[in-house]
Amino acid sequence: MSFIVIIFIACNSSAQTTHDKALVRKVVSDFQNDFNKGNFKNASLYTTKNWEHLNPGGGISIGRENVLKEVRVVHEKFLKGVSMTTESITIRFIAPTVAIADVIHKMSNFTTPDGKLHVNERQIKTYIMVKEKGKWLLTQDQNTVIM
């Protein structure tokens, strides 16, 4: 009997995982689209109100409004016109309502305020998402430059 229950759970989990993986990928895609536009105007559709952002310099912004203030300022300055593309994505579910996506992004060239030119830079970004009311939302992200 327990064998039948395990098979039932496994079958239902894999079906849900395929659908959920697609929804998690969409959150990453939505973030990337907003990044490339620089305005993050759709962030409320794919982030939680308590979204936390850890930037490559080690800074942290907490709360959607604070994160948006930070990223919009950066995109008005040295990241203006900069775009990123996805090279790879790995998704794993650590609970039925929690997912982690590790994504390698390639950045277009840009110069930071210290005058350093970044050419063909690759970053690994970890997106942590939660499923709220049936919808996957970004709750924390952190990106690190790949050396």
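Enquirer: I tried to follow the packing of aromatic side chains on my own but got confused; where do I start?
Expert: How two aromatic rings sit relative to each other is given by the distance of their centres and the angle of their planes. For the coordinates displayed, the defined rule picks out six aromatic pairs. Measuring from ring centre to ring centre gives 5.6 Å for Phe93 and Trp136, while their planes differ by 55°; the resulting arrangement is tilted. Highlighted residues: Phe93 in strand S3 (residues 84-95) and Trp136 in strand S8 (residues 135-145), separated in sequence by 43 residues. Under the relative-accessibility criterion, Phe93 is labelled partly exposed at 25%. Trp136 sits in the buried class, given a relative accessible area of 3%. An aromatic cluster is built from Phe31, Phe35, Phe40, Trp51 and Tyr127, whose rings are joined through pairwise contacts.

Enquirer: How should the pairing of strand S7 (residues 122-132) be read in this particular structure?
Expert: When a strand is regular, its side chains alternate between the sheet's two faces. Judged from the nine bridges that link them, strand S4 (residues 98-107) and S7 form a sheet pairing that is antiparallel. Directly across from Val103, in S7, lies its bridge partner Lys125. One ladder, built from 10 bridges, connects S7 with S8; its direction is antiparallel. When the sheet's bridge partners are listed, Tyr127 is paired in S8 with Asp141.

Enquirer: Please clarify how the sheet that holds S3 should be interpreted in this entry.
Expert: Across a sheet, paired strands are connected by hydrogen bonds in the backbone, their directions being either parallel or antiparallel. Pairing is mixed in the open sheet, where six strands are placed in the order S2-S1-S8-S7-S4-S3. Of all strands in the sheet, those bounded by a partner on one side alone are strand S2 (60-62) and S3. The average angle at which neighbouring strand axes cross in this sheet is 15°, direction not considered. Bridge count between S3 and S4: 10 bridges; the pairing is antiparallel. Opposite Met84, over in S4, you have Met107 as the bridge partner. On top of the sheet, helix H3 (residues 64-76) reaches strand S1 (47-54) and S2; it is set at about 45° to S1, its chief contact.

Enquirer: In this structure, what is going on with the environment of Ser44? I would like to understand it.
Expert: Within the secondary structure, Ser44 sits in helix H2 (residues 43-46). Sequence spacing of Ser44 and Leu137 is 93 residues, and the spatial spacing of their C-alpha atoms is 9.2 Å.

Enquirer: Just checking my understanding: could you explain the pattern of salt bridges for this structure?
Expert: A side chain with one charge may pair with a side chain of the opposite charge, provided their charged atoms come close. Applying the stated criterion to the full structure yields four salt bridges. Between Glu87 and Arg122 there is a salt bridge, and its shortest N-O distance comes to 3.0 Å. Taken together, the residues span a long stretch of sequence, with Glu87 in strand S3 and Arg122 in strand S7 at a distance of 35 residues. The exposure class assigned to Glu87 is partly exposed, which follows from its relative accessible area of 41%. Exposure remark for Arg122: the relative accessible area of 32% places this residue in the partly exposed category. Asp141 serves as the salt-bridge partner of Lys125, at 2.7 Å between the closest nitrogen and oxygen.

Enquirer: Got a minute to help me understand unusual backbone geometry in this structure?
Expert: Positive phi, normally seen in glycine, also occurs at Asn120, with a value near 50°. As for its position among the elements, Asn120 is in the loop between strand S6 (117-118) and S7. For Asn120, a relative accessible area of 47% puts it in the partly exposed group. The backbone of Lys133 shows a phi angle near 50°, a positive value even though the residue is not glycine. For Lys133, the position within the fold is in the loop between S7 and S8.

What counts and how
Residues numbered from 1 in each chain as written. Predicted model: local features only at pLDDT ≥ 70, side-chain atom pairs only at ≥ 80, totals over all residues. Heavy atoms only, no water. Phe/Tyr/Trp six-rings, centres within 6.5 Å; stacked < 30°, edge-to-face > 60°. Helix = DSSP H or I, 4+ residues; strand = E, 2+ residues; numbered from the N terminus. Buried < 20%, exposed > 50% of the residue type's maximum accessible area, 1.4 Å probe, protein only. Pairing = 2+ DSSP bridges. Axes fitted to C-alpha atoms, helices over the stretch in contact; angles between N-to-C directions. Contact = heavy atoms within 4.5 Å. Salt bridge = Lys/Arg side-chain N within 4 Å of Asp/Glu carboxyl O.

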